[in-house]
Amino acid sequence: MYVYDIIAIVLIGISHVLLYIRLIRYNRLSYVMVIALSIVFTILLGIVVTVTGYPELNILMLLLFLLSLGLMKDELPFMQSLYFALVSIVIITLAKMVFIELGIKLFLFTPFNLYVWTASIIHLIVSIAIVICIVLWGKPIQKLARYIVDSPLYYISFVLLVAGLIVELILTAPATHLLAALYQQYQQASYMAAFVLFFVLLLMVLIGSHLTKERMLEEQQERLDKELLDYVGKLELLHDELASFRHDYLNVLLALDEGVRTKNITLIEQVYRDVIAPTSKLMNNRELDIVKLSRIAVPEVKSVLSVKVVAAQQQQVKVMVDIPQPIQEIAMPMISFIRAISILVDNAMEEAVCSKEKLLQLAFFEKEECQYFIVRNSCRHEAIDLQKIYEKCYSSKEGNRGYGLFSLKRLIDKTANATLETAFTAPYFSQTLLLKKVTNYDEN
């Protein structure tokens, strides 16, 4: 075995681990940790296979190792963990076999001489290419895998992956009596089956990729339709309030007309004190805050905040909005940002409704290459344990609650340029979502 083969084996080990943690969406392992784990496991695997003399342990131990990594992912069902482990093992191994064989066939058509170490060089090149593909296409692979798990292709692909695992066990030149007999009798057929399985799985990947794009377009259209309905509902509400104000305003004019005509200063003062002053305050607190949201040039964010501001005002919450300058773009993936601000505003609104002051303050501004989204609300509690509020199922509200801030914390942890700061000074609770502007970021 040449040094090229050793490096290629290590790279393939890294590929298995990297693809698996991508599939299960476990993002807490750094590349350094992935490489270290892969190297240690590859060395351990080599020792075990060499000492025992059972090459088939290569695949079986890799399967167990990946399943053990799946335990680090919370709430990952065992069958999905097994499915993703099979995807990592079967797809990468079949791809390596196919492309090494293809590489050797193509090399024979070149004018270069064929040496003993040529196959090792091709092995290394294929291994490097596999690692690069996994690193570059990690996000699309995640989305495709999630779609297949929720589609009828899941069960078909599961059966094909199990068949692929069996074929790969046979092709390891196993020492187990049964597998060794199958290898001796069906070696050539197993190679053909491996090639067929690879192209069938590749076809399923292409079909799944196409269906994933269609589903993403449908989800985007559904989201746009929902935003349109929210806009229509908000406009209807504002129209009703304007009609009510117009009716009240005509009555005010009639009352003032009577006071002016009779020169009754007492009546004029009473109309101003009881009707005009409260109406002016209402307009300042409601319509003007809605207008401030127009400084957000991102329709999705403006729509979400508009609906939530109106909903808070309907519950008699005093809402104060501060957006000093236009916001042209969001320094975070749109879906993730909307999820984050929805959780923050919903929690703040629910608490503000129950508090004595019923106050909700929103601020969104940019400063020194950072965006700040601040939510501040009045509270009914005199003390809050800031260490526990992000724990799963922890909530000061009644019922099966406590998932909002837990989900938010996980979302922020997955976003490299986002941090969340929390503070409480009775009776006000505030949370600041800070986003550092970056050139590129991955969609979560």
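Here, the structure is the one placed above.
Residues numbered from 1 in each chain as written. Predicted model: local features only at pLDDT ≥ 70, side-chain atom pairs only at ≥ 80, totals over all residues. Heavy atoms only, no water.

Can you lay out the packing of aromatic side chains for me, pointing to particular residues and giving the numbers?
This structure, assessed with the given rule, holds 14 aromatic pairs. When the ring of F41 is compared with that of F65, the centres are 4.2 Å apart and the planes differ by 10 degrees; the resulting orientation is stacked. Taken together, the positions of F41 in helix α2 (residues 31-52) and F65 in helix α3 (residues 57-70) put the pair 24 residues apart, joining distant regions of the chain. The residues F41 and F65 share a single accessibility class, namely buried. (Phe/Tyr/Trp six-rings, centres within 6.5 Å; stacked < 30°, edge-to-face > 60°. Helix = DSSP H or I, 4+ residues; strand = E, 2+ residues; numbered from the N terminus. Buried < 20%, exposed > 50% of the residue type's maximum accessible area, 1.4 Å probe, protein only.)

Outline the packing of helix α11 (residues 299-314) against helix α12 (residues 334-354), supporting the account with residue identities and numerical values.
Running from N to C, α11 and α12 cross one another at 10 degrees; their axes reach a closest spacing of 10 Å. Taken as axis vectors, α11 and α12 run roughly parallel relative to one another. Across from E300, V301, V304, L305, K308, A311 and A312 in α11, the residues of α12 making contact are M334, F337, I338, I341, S342, V345, D346 and M349. Looking at the contact of α11 with α12 residue by residue, the classes come out as eleven nonpolar, one polar and three charged. (Axes fitted to C-alpha atoms, helices over the stretch in contact; angles between N-to-C directions. Parallel < 35°, antiparallel > 145°, perpendicular 65-115°, else oblique. Contact = heavy atoms within 4.5 Å. Nonpolar A, V, L, I, M, F, W, Y, C, P; charged D, E, K, R; others polar.)

So what about helix α5 (residues 118-136)? Which residues, and what values?
Compared with the 27 Å implied by 1.5 Å per residue over 19 residues, the 27 Å span of α5 between its first and last C-alpha is a close match. Residues T118, S120, I122, H123, L124, V126, S127, I130, V131 and I134 constitute the buried set of α5. Elements that come into contact with the buried residues of α5 comprise α1 (3-23), α4 (78-107) and α6 (138-149). (Expected span 1.5 Å × (residues − 1).)

I'd love a proper account of the side chain of Q371, names of residues and values included.
In this structure, Q371 sits in strand β3 (residues 370-378). Among the polar contacts listed, one links the side chain of Q371 to the side chain of E366, at a separation of 2.8 Å. (Polar contact = N/O pair within 3.5 Å; in protein donor to acceptor, adjacent residues only side chain to side chain.)

Describe in detail the sheet that holds β3, supporting the description with residues and values.
An order of β1-β2-β3-β5-β4 is seen for the five strands of this open sheet, with the pairing classed as mixed. In this open sheet, the two strands that pair with only one neighbour each are β1 (318-322) and β4 (418-425). The mean inter-strand angle of the sheet, taken between neighbouring strand axes irrespective of direction, is 10 degrees. With five bridges connecting them, β1 and strand β2 (residues 359-367) associate as parallel partners. For D322, the partnering residue across the bridge sits in β2 and is A363. Docked against the sheet, α11 engages β1, β2 and β3, running at close to 150 degrees with respect to β1. Contacts from α12 reach β2, β3, β4 and β5 (428-436), with the element oriented near 20 degrees to β3. (Pairing = 2+ DSSP bridges.)

Distances and angles like these do not, on their own, reveal function.
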